[in-house]
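Now for the letters of each chain:
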Amino acid sequence: MQLLISPSLRHVTVLPGNGVREFIKVKVRARRVSYRMLFYSLLFFTFLLRFVFLLSTADTIDAETKCSSLDCLGKRLRPGILGRRLDSAVPEVIYQVLEQPLGNDELKGRDDIPQTLEEFMDEVKNSIFDAKAFALKLREMVTLLEQRTRNAKIQEYLYRHVASSSIPKQLLCLALRLAHEHSTNAAARRQLPLPELVPALVDNSYFHFVLASDNVLAASVVANSLVQNALRPEKFVLHIITDRKTYSPMQAWFSLHPLSPAIIEVKALHHFDWFAKGKVPVLEAMEKDLRVRSRFRGGASAIVESNTDKPHIIAAKLQTFGPKYNSVMNHIRIHLPELFPSLNKVVFLDDDIVVQTDLSPLWDIDMNGKVNGAVETCRGQDKFVMSKRLKNYLNFSHPSIAKNFNPKECAWAYGMNIFDLEAWRKTNISITYHHWVEENLKSGLSLWQLGTLPPGLIAFHGHVHVIDPFWHMLGLGYQETTSLADAETAGVIHFNGRAKPWLDIAFPQLRPLWAKYIDSSDKFITGCHIRTS
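How each quantity is defined
- Residues numbered from 1 in each chain as written.
- Predicted model: local features only at pLDDT ≥ 70, side-chain atom pairs only at ≥ 80, totals over all residues.
- Heavy atoms only, no water.
- Helix = DSSP H or I, 4+ residues; strand = E, 2+ residues; numbered from the N terminus.
- Buried < 20%, exposed > 50% of the residue type's maximum accessible area, 1.4 Å probe, protein only.
- Areas by Shrake-Rupley, 256 points an atom, 1.4 Å probe, with all protein chains shown as cover.
- Pairing = 2+ DSSP bridges.
- Axes fitted to C-alpha atoms, helices over the stretch in contact; angles between N-to-C directions.
- Contact = heavy atoms within 4.5 Å.
- Core = buried A, V, L, I, M, F, W, Y, C linked by side-chain atoms within 4.5 Å.
- Expected span 1.5 Å × (residues − 1).
- Polar contact = N/O pair within 3.5 Å; in protein donor to acceptor, adjacent residues only side chain to side chain.
- Patch = residues over 30% accessible without salt bridge, like charges linked within 9 Å, V, L, I, M, F, W, Y side chains within 5 Å.
- Salt bridge = Lys/Arg side-chain N within 4 Å of Asp/Glu carboxyl O.
- Disulfide = S-S within 2.5 Å.
- Parallel < 35°, antiparallel > 145°, perpendicular 65-115°, else oblique.
- Nonpolar A, V, L, I, M, F, W, Y, C, P; charged D, E, K, R; others polar.

K.L.:
Teacher, can you tell me more about the overall build of the chain here?
P.N.:
A count of helical and extended segments in the chain gives 21 helices and 12 strands. Scored against the burial criterion, the 533 residues of the chain give a buried share of 45%. Counting only carbon and sulfur atoms, one obtains 56% of the accessible surface of the chain, whose full area is about 29,200 Å².

Next up, the structure:
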């Protein structure tokens, strides 16, 4: 018999003497550790320690609860339940209570709900609360404060709606005094423009601007700012369109306040041959629109009493009943090709804008065959003005809208628009506009709810040339945070929104940009106590 021991000392083999091997093997534990095994083990633990160090460092940066490296590693790798960490210090019962809705009626007549955080903390300190009782009391207090905040916001929007919808007595005074002047003073009735300047009204070598307004003071600011900032005012023609009741005051103002060498024309709608021929689609649409609004919306009181709409939705609906959206001055821009059949290009201006630079370069912009040169309103961060897309104006839950338009497509702004009337006459833009207005009326205002911009977005779809935002800065009637320095850098600023600069609710830091174009020494301004500061 022979005994063979392997060099690694792991196996022992026994051989009988007759030469026949008997495979009897005995495993023996190694007496020493392999150097290679020791090297790999050290390498693994080094890597593990570095990994743990990185995780613990991340926990420290995130300002989480202090813990050991292995403990933090366990936190990172441990799964959550329903999106919550298993190691959360907040008891699960608190989540369950706070997630349960609380009805408005449940808080009526209750006088045991803390009104402030201080009262809540005193009650918690002086009472023995378990986690569930604490959550119930917290939910009641927060819900009550939310209700009061919502009601306060709605009341604010209602007051602003009333303030923006009414005519300030100063403006009414101005209109009445100018109407009296028109009837008693021949100088206030002189022809505008002078006979020798009439040919310029249809001369396409001039720069033609169109302003539609029934507000004399606002129109005067637009005209003054336009002419005072013009490099060649003798080439500027401003066509002012107004209604029948405002025509006399408007003519009196610009007759007594000439802006030479610029050319000013004042006309009422009934002076246009095309408008006086018969039924005008926009007037029919306005009449139907008013009836449908009254029947389906129930007026401002019904809007305010809504318990489901968010405050900013209520504010948008209230704006639907503002005078701007019920004025033919706001709708008439869709008929510019018919009103000015001899002109090839015009710049349309709203009466709540202020011009701060020379606008003649607008005629050098290549429109690439498009009809409407406008600033896009989807390139900014603020949610009220410069982050608007079609989905913000049109109801994409309606199949007629959803199948024809892209909700993510950029919207654009009315207020300062370049209109290529020659290109416009080759399209069916006006027909499309009135078709969709009629469809919206038939659907009970379910395609859109607010103003003339939504049908304009539809009618001019595919016909808009985007211009530089420098030419049109919006939101000065919405954005109280707009700085004076930023507003001063724009070519045209637009006080779109409720806080019009001629109202007491105007933002005081922005109003001087508008008021500086009013002559505070003018007898009509001082006589009606119109403040310019």
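After that view of the structure, there is still more to cover.
K.L.:
Explanation requested: the sheet that holds strand S6 (residues 263-268) in the structure shown.
P.N.:
Strands belonging to one sheet form pairs held by backbone hydrogen bonds; the direction of such a pair is parallel or antiparallel. In spatial order, the strands read S6-S5-S4-S7-S10-S9-S11; together these seven strands make up an open sheet with mixed pairing. What marks the edges here is a single partner per strand, and that holds for S6 and strand S11 (464-466). Going from strand to strand, the sheet's axes swing by 25 degrees on average, the running direction of each strand aside. Along the sheet, helix H8 (residues 244-256) makes contact with strand S5 (236-242) and S6, crossing S6 at roughly 160 degrees.

K.L.:
In this structure, what is going on with the nonpolar core? I would like to understand it.
P.N.:
Grouped burial of nonpolar side chains is what soluble globular proteins tend to show. By size, the foremost hydrophobic cluster in this structure holds 66 residues, and its most contacted members are Leu174, Phe209, Leu217, Phe254, Ile493 and Trp514. Considering each element in turn, this core owes the most residues, nine residues, to helix H7 (residues 216-228). In contact with Phe209, not counting residues within four places along its chain, are Leu226, Phe236, Val237, Leu238, His239, Val347, Leu349, Leu359 and Trp363. In terms of nonpolar packing, the next biggest core, distinct from the first, is built from 42 residues, Val210, Leu339, Tyr433 and Leu441 among them.

K.L.:
Explanation requested: the pairing of strand S10 (residues 416-420) in the structure shown.
P.N.:
Each regular strand displays side chains that alternate between the two surfaces of the sheet. Judged by how many residues are buried, S10 sits mostly within the fold: five of five residues are covered. Residues Met416, Ile418 and Asp420 of S10 are buried on one face, and the alternating residues Asn417 and Phe419, pointing to the opposite face, are buried as well. Direction of pairing for strand S7 (residues 345-349) relative to S10: antiparallel, over a ladder of five bridges. By the bridge assignment, Val346 is partnered in S10 with Phe419.

K.L.:
What is the right way to look at H7 in this model?
P.N.:
Since the α-helix turns once every 3.6 residues, residues separated by three or four places project in the same direction. The first and last C-alpha atoms of H7 sit 18 Å apart over 13 residues, in line with the 18 Å expected at 1.5 Å per residue. Burial runs high along H7: 12 of the 13 residues are buried. Within the sequence span of H7, burial applies to Val216, Leu217, Ala218, Ala219, Ser220, Val221, Val222, Ala223, Asn224, Ser225, Leu226 and Val227. For H7, the N-terminal capping position is held by Asn215, with its side-chain oxygen 3.2 Å away from the main-chain nitrogen of Leu217.

K.L.:
Teacher, can you tell me more about a nonpolar patch on the surface here?
P.N.:
A cluster of nonpolar side chains, Ile167, Leu172 and Leu176, forms an exposed patch at the surface whose accessible area comes to about 320 Å². Summarising the element assignment, Leu176 is placed in helix H6 (residues 169-184).

K.L.:
In this structure, what is going on with the state of the cysteines? I would like to understand it.
P.N.:
Two cysteines whose sulfur atoms are joined by a covalent bond form what is called a disulfide. Tallying each qualifying case throughout the model produces two disulfides. Covalent S-S linkage joins Cys173 and Cys528, the inter-sulfur distance amounting to 2.1 Å. Across the S-S bond of Cys173 and Cys528 the torsion is about -75 degrees, and the bridge reads as left-handed. Of this pair, Cys173 sits in helix H6 while Cys528 sits in the segment after helix H21 (523-527), and the two are 355 residues apart along the sequence.

K.L.:
Explain the packing of H6 against H8 here, please?
P.N.:
When two helices pack together, their arrangement is captured by the angle between the axes and the distance separating the axes. Where H6 meets H8, the axes come as close as 8 Å, and the angle between the chain directions of the two elements is 75 degrees. Taken together, the axis directions place H6 and H8 in an arrangement best described as roughly perpendicular. Across the interface between the two elements, Leu174, Ala175, Leu178, Ala179, Glu181 and His182 of H6 pack against Ser248, Pro249, Gln251, Ala252, Trp253 and Leu256 of H8. A breakdown of the residues in the contact of H6 with H8 according to their chemical character gives eight nonpolar, three polar and one charged.

K.L.:
Looking at this structure, I do not really get the pattern of salt bridges. What am I missing?
P.N.:
Where charged atoms of side chains with opposite charge meet at close range, the side chains can pair. Going through the model one piece at a time under the given rule, you end up with six salt bridges. Between Asp352 and Lys500 there is a salt bridge; the shortest N-O distance is 2.5 Å. Of this pair, Asp352 sits in the loop between S7 and strand S8 (353-355) while Lys500 sits in the loop between strand S12 (492-494) and helix H20 (511-515), and the two are 148 residues apart along the sequence. With respect to class, Asp352 is no different from Lys500; both count as buried. Where Glu376 meets Arg379, a salt bridge forms, and the shortest distance between an N and an O atom there is 3.0 Å.

K.L.:
Can you walk me through unusual backbone geometry in this structure?
P.N.:
The phi torsion of most residues other than glycine is negative, and most of the peptide bonds are trans. The omega torsion of the bond from Leu192 to Pro193 falls at -5 degrees, within 30 degrees of zero and hence cis. Mapping Pro193 onto the fold places it in the loop between H6 and strand S4 (207-212). Residues Ser260 and Pro261 are joined by a peptide bond in cis, for which omega reads 10 degrees. Relative to the helices and strands, Pro261 is located in the loop between H8 and S6. Here the phi dihedral of Asn368 falls at roughly 55 degrees; this positive angle occurs in a residue that is not glycine. Backbone geometry at His529 places phi at a positive 60 degrees, although glycine is not the residue there. Mapping His529 onto the fold places it in the segment after H21. Its relative accessible area of 66% is what places His529 among the exposed residues.

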